[in-house]
Amino acid sequence: MEINEDSFKEYRERESLHYPLHVLLMVIMIAKQYGCQNAQDIADFYNIHYLELFISIPDVPSFKSPISATTIRTAMMLVTPEDTEKFFEEHFTRVKKHIREQSKYDDENFYDRKDDIADTVSFDGQEMKETSRRGECSRKCKGGIITQLYNSTQRTPLACAISSAKNHERKDVLSLIENASIVGKVVMCDKLNTTVDVSSKINKVQAYYLLPISDTNGNKELHSHIEGIFNREHKKAVRYSETELEAEALKQSPSKGKKANHGRKEFTDIELLPAEPYLDERIKNPHAGVTVLVKKTKTTVKVLNKEEISMTVKVTYYISSIPFDEDYSIRQVRACFQDYWQIEENHSVLDDETLYNQDNVQACNKNTIYSTAVLNKISYPILSYIR
């Protein structure tokens, strides 16, 4: 509570206020653990559980009348993005790691990893669909685009920024990368964010990158060149193939393997080549420090009544600055691909209507939007531990 009080500036006159701001924020964080996401639900939670809160939390005022939803909304508007961001980064960016160390529930995902495997850090933008931009008539102008820097290995948010324009995502993440402590970690993103600005910033903070490339963002020539390299030199590539492992398992015992009555089966095949012998200096390559070339082939098989009815194959090429070693590199890249999807999982939980329902936050006040997003990120790992 003392940290909470010191972190948020009280703009109201203390003599006239009944509910201190730091108390309201503590109540909001607790209420979110119980599924209360909008102002009315949080106010109802406070009124129903007032006695427990009064006993448990210092500075909870004596009861005069039921608290209103308007009071909760006012508290959210009083908290500035700067105060919220500082509070979040100083006290909650490592909470998930500490929780995992206590509970050990995630050990099965790491049992075959050696100590030399670095964490995967990812970033992406998340639109809060029901927010609106103050002064705009169109609901298409969203008031909240949250860009998040996320440790996908530890499932821990590291930093976030808010903007009212989708195309500001890349600009926001450059400052997040520079201010976060990610030395020695591997940074990943989607194809739209694979730019020279991003790779240069990652190099500057002494981290590594593993970036997918396509024909956009000035990568067209490099993309075609890498595709040609793998077509010519695929026999020399270091490989990890789930497709081959599945075939071998079925060959040894037909009862093994990924069998299903219905649904889908997914297999990821990875090929690695060192960049130095194969990248042609005449090819336009805007990214400094490329050491490893990666080809990922994802095969998805749809199954109905135990019969494989369709199969799709998606090939993606990556560039990376991790050191090339035939043993280490393939293990690191495989771990990165395993961990990267966690940021999408994090977004889906925040948007889930039964949990944080972030997509349905109707607000245009920047303070409210940002405070809601950050308090959800604080609440999520705590709720995971409670679960």
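No experiment lies behind these values; they were computed from the predicted model shown. (Residues numbered from 1 in each chain as written. Predicted model: local features only at pLDDT ≥ 70, side-chain atom pairs only at ≥ 80, totals over all residues. Heavy atoms only, no water.)

**A closer look at the nonpolar core**
Counting 39 residues, the largest nonpolar core has Ile28, Tyr46, Ile67, Ile72 and Ile378 as its most contacted members. Of all the secondary-structure elements, those providing two or more residues to this core are helix 2 (21-33), helix 3 (39-48), helix 4 (50-56), helix 5 (69-78), helix 6 (81-91), strand 3 (156-163) and helix 14 (366-386). At eight residues, the largest contribution of residues to this core is made by helix 2. Core analysis: the second largest hydrophobic core is formed by 33 residues, Val121, Ala180, Tyr209 and Ile213 among them. (Core = buried A, V, L, I, M, F, W, Y, C linked by side-chain atoms within 4.5 Å. Buried < 20%, exposed > 50% of the residue type's maximum accessible area, 1.4 Å probe, protein only. Helix = DSSP H or I, 4+ residues; strand = E, 2+ residues; numbered from the N terminus.)

**Quick look at the sheet that holds strand 4 (residues 186-188)**
Here nine strands make up an open sheet; going across it, the order is 3-2-1-4-5-9-8-7-6 and the pairing mixed. Strands with a single pairing partner mark the edges of an open sheet, and in this sheet they are strand 3 and strand 6 (238-241). Taking each pair of neighbouring strands and ignoring which way they run, the sheet shows an average axis angle of 20°. By the bridge criterion, four bridges tie strand 6 to strand 7 (residues 262-274) in an arrangement that is antiparallel. Across the sheet, Val238 pairs through a bridge with Leu272, a residue of strand 7. Of the strands in this sheet, strand 5 (208-213), strand 7, strand 8 (292-304) and strand 9 (307-320) touch helix 10 (residues 220-233), which is tilted by about 115° from strand 9. Contacts between helix 13 (residues 342-351) and the sheet are confined to strand 1 (120-127) and strand 2 (145-151), with strand 1 contributing the most and set at about 35° to the helix. (Pairing = 2+ DSSP bridges. Axes fitted to C-alpha atoms, helices over the stretch in contact; angles between N-to-C directions. Contact = heavy atoms within 4.5 Å.)

**Regarding helix 5**
Of the residues making up helix 5, those classed as buried are Ala69, Thr71, Ile72, Ala75 and Met76. For helix 5, the arc enclosing every buried residue in end-on projection is 160°, short of the 170-degree limit, so these residues lie on one face. (Arc of directions from axis to C-beta.)

**Let's talk about the packing of helix 2 against helix 5**
Interaxial distance between helix 2 and helix 5 falls to 10 Å at its minimum, and their mutual angle equals 105°. One finds that helix 2 runs roughly perpendicular with respect to helix 5. Contacts between helix 2 and helix 5 involve Leu21, Leu24 and Ile28 from the first element and Thr71, Ile72, Ala75, Met76 and Leu78 from the second. In terms of residue class, the contact of helix 2 with helix 5 is made up of seven nonpolar, one polar and no charged. (Parallel < 35°, antiparallel > 145°, perpendicular 65-115°, else oblique. Nonpolar A, V, L, I, M, F, W, Y, C, P; charged D, E, K, R; others polar.)

**Description of helix 8 (residues 169-179)**
When we look at burial in helix 8, the residues that qualify are Glu169, Asp172, Val173, Leu174, Leu176 and Ile177. If you follow the buried residues of helix 8, they end up packed against strand 1, strand 2, strand 3 and helix 9 (196-204).

**Examining the environment of Thr84**
Turning to its location among the elements, Thr84 is positioned in helix 6. With relative accessibility at 2%, the residue Thr84 sits in the buried group. Sequence separation between Thr84 and Val374 is 290 residues, and the spatial gap between their C-alpha atoms is 7.1 Å.

**Quick notes on the layout of surface pockets**
Estimates place the volume of the largest pocket at around 720 Å³. Surrounding the largest pocket, 23 residues form its lining, Glu266, Thr268, Lys296, Lys298 and Phe337 being those nearest its centre. Only strand 7, strand 8, strand 9 and helix 12 (328-340) provide two or more residues apiece to the lining of the largest pocket. Among the residues making up the lining of the largest pocket, the classes are represented as nine nonpolar, three polar and eleven charged. Estimates place the volume of the second largest pocket at around 470 Å³. Gln37, Asn38, Ala39, Val361 and Gln362 are, among the 25 residues lining the second largest pocket, the residues nearest its centre. Elements represented by at least two residues in the lining of the second largest pocket include exactly helix 2, helix 3, helix 5 and helix 14. Of the residues forming the lining of the second largest pocket, the biggest block, four residues, is contributed by helix 5. (1 Å grid on protein atoms, 1.4 Å probe; cavity = no way out; pocket = protein on both sides within 12 Å on 5 of 7 lines; lining within 4 Å. Points joined across faces, edges and corners; volume = space filled by probe spheres on them.)

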